[in-house]
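# Coordinate analysis (summary)
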Amino acid sequence: MSQSTPGLCVSPSQALAAFILGPLTLDYIRSVHASSGSSARGLASEHHGPRQRARPSFSKKTVPTITSVLHWALEREDSPAVAELWPAMLPVLLNFISDSEHVVRIKGLQLLNVFISKCPTQLLESSGLSSVFEDAVFPSLYFLPGLDSQPESTCLLCEAYRVMLQIADAKPLIPKRRLLHRIIRDGILATYDHASKSPTAVQILLRNLALTVSELGIYSVKHLMELLHLIEL
């Protein structure tokens with residue numbers, strides 16, 4: 001009687017997760033993106049000038065299904081599997097986190113949070129994924145809740161800062177400090193004046209300022225004058 005080879009036993013949930021993140025992502029989910037006008041090529045076309053037709057948003061009907069399926073699959077995969085499947089996931093993640101609809105961006109950021117937690121940190125840096133995600137997520141730091149504090153705007157800003165700090169935490173020490181400085185300088189300080197009329201936005205910014213300063217430690221002293229001015233406002 002033949003015996004199973006150790007290490008090759010895969011649970012049904014792992015097998016399904018591998019199928020979702022592999023063939024299903026490549027053949028079905030990306031085709032859904034393409035049919036909605038949100039292919040990876042659409043990201044590049046945004047930079048071709050004002051004559052280009054705007055990239056259509058995802059259908060809100062498909063977003064919950066796609067993100068829920070991918071979220072489930074990512075949570076059940078291990079790091080080596082995610083490391084192999086990231087080329088299939090990258091266009092999907094970038095499309096979600098750069099969409100014009102707040103609800104789509106939120107789903108994308110939540111999905112990216114799981115992806116980064118599963119992806120080996122060495123791969124994030126060596127492949128350039130870390131920098132790609134940093135540049136893709138950063139614009140979401142400028143979507144500030146207004147006086148009416150719409151739930152979607154509040155959630156988007158919270159998720160964006162959570163993922164930015166997660167990206168920083170996955171970097172080596174020097175690049176990590178560089179990103180943390182950028183978060184303070186180009187994120188929190190750059191938007192605080194605009195956010196000052198919204199108590200919700202101010203609360204989010206100050207909470208993430210405290211987290212970022214805590215991570216930087218003594219190196220946050222370079223922002224001391226700006227931070228003192230901010231506190232005095």
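It should be emphasised that the depicted structure is a prediction, and the values quoted were computed from it without experimental measurement.

## Description of the pattern of salt bridges
Going through the model one piece at a time under the given rule, you end up with 9 salt bridges. Across the salt bridge formed by Glu134 and Arg182, the nearest N and O atoms sit 2.7 Å from each other. With Glu134 in helix α7 (residues 129–137) and Arg182 in helix α9 (residues 173–195), the pair connects residues that are 48 residues apart, well separated along the chain. Per residue, the accessibility class of Glu134 equals that of Arg182, and both read buried. In the salt-bridge network here, residues are joined through shared partners; they are Glu125, Glu134, Asp135, Lys171, Arg178 and Arg182.

## A few points about the packing of helix α5 (residues 102–118) against α7
Direction vectors running N to C along α5 and α7 enclose 160 degrees, while the axes themselves pass 13 Å from each other. The angle between α5 and α7 falls in the class roughly antiparallel. Regarding α5 and α7, the two cross each other, and that crossing is left-handed. Side by side, α5 and α7 meet where Leu109, Leu112 and Phe115 of the first sit next to Leu129, Phe133 and Val137 of the second.

## Remarks on the side chain of Glu159
Mapped onto the elements of the fold, Glu159 is located in helix α8 (residues 151–169). If we ignore the near neighbours within four places in the chain, the residues touching Glu159 are Ile106, Leu109 and Gln110.

## Some points on the confidence of the model for the protein
When pLDDT drops low, the exact placement of atoms in the prediction is not to be read closely. Taken over all residues, the pLDDT of the protein has a mean of 80, while the share at 70 or more is 73%. Considering each helix and strand of the protein separately, the mean pLDDT is smallest for helix α2 (residues 40–45), with a value of 36, and largest for α7, with 97. With pLDDT under 50 throughout, residues 1–7 is counted as low confidence; its partners more than four residues away or in other chains account for 1 contact. This stretch, residues 37–57, has a pLDDT under 50; its non-local contacts, to residues over four places away or in other chains, come to 28 contacts.

Parameters at a glance
Residues numbered from 1 in each chain as written. Predicted model: local features only at pLDDT ≥ 70, side-chain atom pairs only at ≥ 80, totals over all residues. Heavy atoms only, no water. Salt bridge = Lys/Arg side-chain N within 4 Å of Asp/Glu carboxyl O. Helix = DSSP H or I, 4+ residues; strand = E, 2+ residues; numbered from the N terminus. Buried < 20%, exposed > 50% of the residue type's maximum accessible area, 1.4 Å probe, protein only. Axes fitted to C-alpha atoms, helices over the stretch in contact; angles between N-to-C directions. Parallel < 35°, antiparallel > 145°, perpendicular 65-115°, else oblique. Left-handed = near helix turned anticlockwise from the far one by under 90°. Contact = heavy atoms within 4.5 Å. pLDDT = per-residue confidence, 0-100.

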